[in-house]
Amino acid sequence: MKTYYDNVLKEENTALRFPSFKNGDTVNKLVARMPDDLALGEWELHILEDMRWNDDQQRPIKYWSRDIIKSMEWLMRQPAYAKHCIYAPQRCFNSDTPPKRLYTEMHTADWWWQTQVRRDTPG
Amino acid sequence: MGNTLVPSMFMSDRTHLSNFASHKKEWPVYMTISNLASKIGQMPLTHSVVMVALLPIPIKNRNIPQKRLDEQRQTNREVLSEVLRRLLQPLTLKHNPSAESRYYNVLCADGNFRRSKPVLAAWLADCPEYSDLLHLERHACSWCECPKNELGDYVPPDKQHPRRDHNL
C-alpha cells in the first residue's frame, strides 16, 4: 500500500531507494533516531551533593549542562559552515603604500596569531 | 592534518520567564566558536550558537534575614564558581593543568581532521550579568579596578588601573 510519505520520498529523491513506510509515525521515529541531536551531547543533570543554598534548604543544588567539547566538535564539522570556517590567523593589509593593517574579524587580530603560533612551536 | 585553535565564545544572561508563577527565571549559557565568520554567528537560522548549560538560580534574598544576607551572598558566589568550574573544566588551566597539553582530533567541515586546541576566548554578557559572574558590586567596571566615581575619566596610559583577574 502506498502512503503519502512514499510518494514524497519518491518525488524528492529519484536516485535513492527508501523503504516503504507504514505511516507518518514511523518516519518521525526514524528522524528521532538520527544521531545528530545526540552528537551535540546529551543534556545531563548535575547535582552538587555537598552544597546547599543555606541551612533551611535541604534540597541539593541542581543544574543542567552538556559536554562543551562535543558541542565544539559538532560546530566544527557542520558542512553548512565549510565556506566560512577559519583554521589559521591572517594578517590583512590594505592597498595603501605603505600598507596599513586591517582589523575586521577575530582571526585578523593579534591575539589569535600570538596564541596559535606560540602553541604550535614546541618549547 | 593541521593544527588549529578553537576560540570558544560563551554568552549568558538571566532571563525572566513569568511574573506571577513564582517569578520563574532561567540562566542559560550559550556557546559558539570563533572559527566561524561573524556574519554566520549573527544569523539565527544558521544555528551556530548552542545552548550548553542552565545555571542554578539562587533563592530570593527577601526570604532571608538581613544579618544573614552577606553569608548568603557568599554561598551564592561559591555555588556559581563551582558550577562554572565544572562546566568549563576542559578549558580552564588553573585548576586543571592537564588541559594545557590536551588536544582533540576534530573532524572539520572541509573533511580533514585537525588537532584542535579549545580556548576560552570571550564571554559576552551585559553589565549586570558581568557583575554577577565576576562577583562585583553593581555598575563596577568588569575590566579594571577603576573606582566607581572615576568611571569615564581620562587615565594616562602609564597610570592605568590594574586589570582584574578573570581566571576561574
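Presented here is a report on the structure given in the accompanying data block. (Residues numbered from 1 in each chain as written. Chains lettered and ligands numbered in written order. Predicted model: local features only at pLDDT ≥ 70, side-chain atom pairs only at ≥ 80, totals over all residues.)

1. With respect to the overall build of chain A
- Regarding its fold elements, chain A presents five helices and four strands.
- Starting at the N terminus, the α and β elements of chain A follow one another as α-α-α-β-β-α-β-β-α.
- Residue pairs in contact within chain A that sit at least 24 positions apart in sequence constitute 24% of those at least 6 positions apart. (Helix = DSSP H or I, 4+ residues; strand = E, 2+ residues; numbered from the N terminus. Contact = placed C-beta atoms within 7 Å.)

2. Quick look at the overall build of chain B
- Regarding its fold elements, chain B presents three helices and seven strands.
- Reading the secondary structure of chain B in the N-to-C direction produces β-β-β-β-α-β-α-β-β-α.
- Counting only C-alpha atoms, chain B reaches 60 × 50 × 35 Å along its principal axes.
- A burial count over chain B gives 18% of its 168 residues as buried. (Buried ≥ 20, exposed ≤ 12 C-beta atoms within 10 Å, placed from the backbone.)

3. Describing the interface of chain B and chain A
- On the side of chain A, 38 residues touch chain B, which itself brings 44 residues to the contact.
- Looking at the side of chain B that touches chain A, the elements that each hand over two or more residues are β1 (2–12), β4 (28–33), α1 (38–41), β5 (50–54), α2 (69–87), β6 (104–107) and β7 (113–124) of chain B.
- The sheet contact formed by strand β2 (residues 61–65) of chain A and β5 of chain B spans two bridges and is antiparallel. Bridging from a neighbouring strand, Ser65 of chain A pairs with Ala53 of chain B of β5 of chain B. (Pairing = 2+ DSSP bridges.)

4. Some points on the sheet that holds β2 of chain A
- Pairing is mixed across the open sheet formed by seven strands, whose spatial order is β1(A)-β2(A)-β5(B)-β4(B)-β1(B)-β7(B)-β6(B). On the outer flanks of this sheet lie β1 (44–48) of chain A together with β6 of chain B, each paired with one strand and no other. When the angles between neighbouring strand axes are averaged without regard to direction, this sheet yields 35°.
- Along the sheet face, helix α4 (residues 68–76) of chain A touches β1, β4, β5, β6 and β7 of chain B and points at about 45° away from the line of β4 of chain B. (Axes fitted to C-alpha atoms, helices over the stretch in contact; angles between N-to-C directions.)

5. Points about the pairing of β6 of chain B
- With four bridges connecting them, β6 of chain B and β7 of chain B associate as antiparallel partners. For Tyr104 of chain B, the partnering residue across the bridge sits in β7 of chain B and is Ser116 of chain B.

6. Focus: the pairing of β4 of chain B
- Of the strand pairs in this sheet, β1 of chain B and β4 of chain B are connected by five bridges, and their pairing is antiparallel. Opposite Met9 of chain B, over in β4 of chain B, you have Thr32 of chain B as the bridge partner.

7. With respect to the nonpolar core
- Core analysis: the largest hydrophobic core is formed by 23 residues, its most contacted members being Met72 and Met76 of chain A together with Val29, Ile33 and Ala53 of chain B.
- Elements with a contribution of two residues or more to this core: α4 of chain A together with β1, β4, β5 and α2 of chain B.
- With four residues, α4 of chain A is the single largest residue contributor to this core.
- Val29 of chain B has contacts with Phe10, Ser12, Val52, Ala53 and Leu55 of chain B, leaving out every residue within four places of it along the chain. (Core = buried A, V, L, I, M, F, W, Y, C linked by C-beta atoms within 7 Å.)

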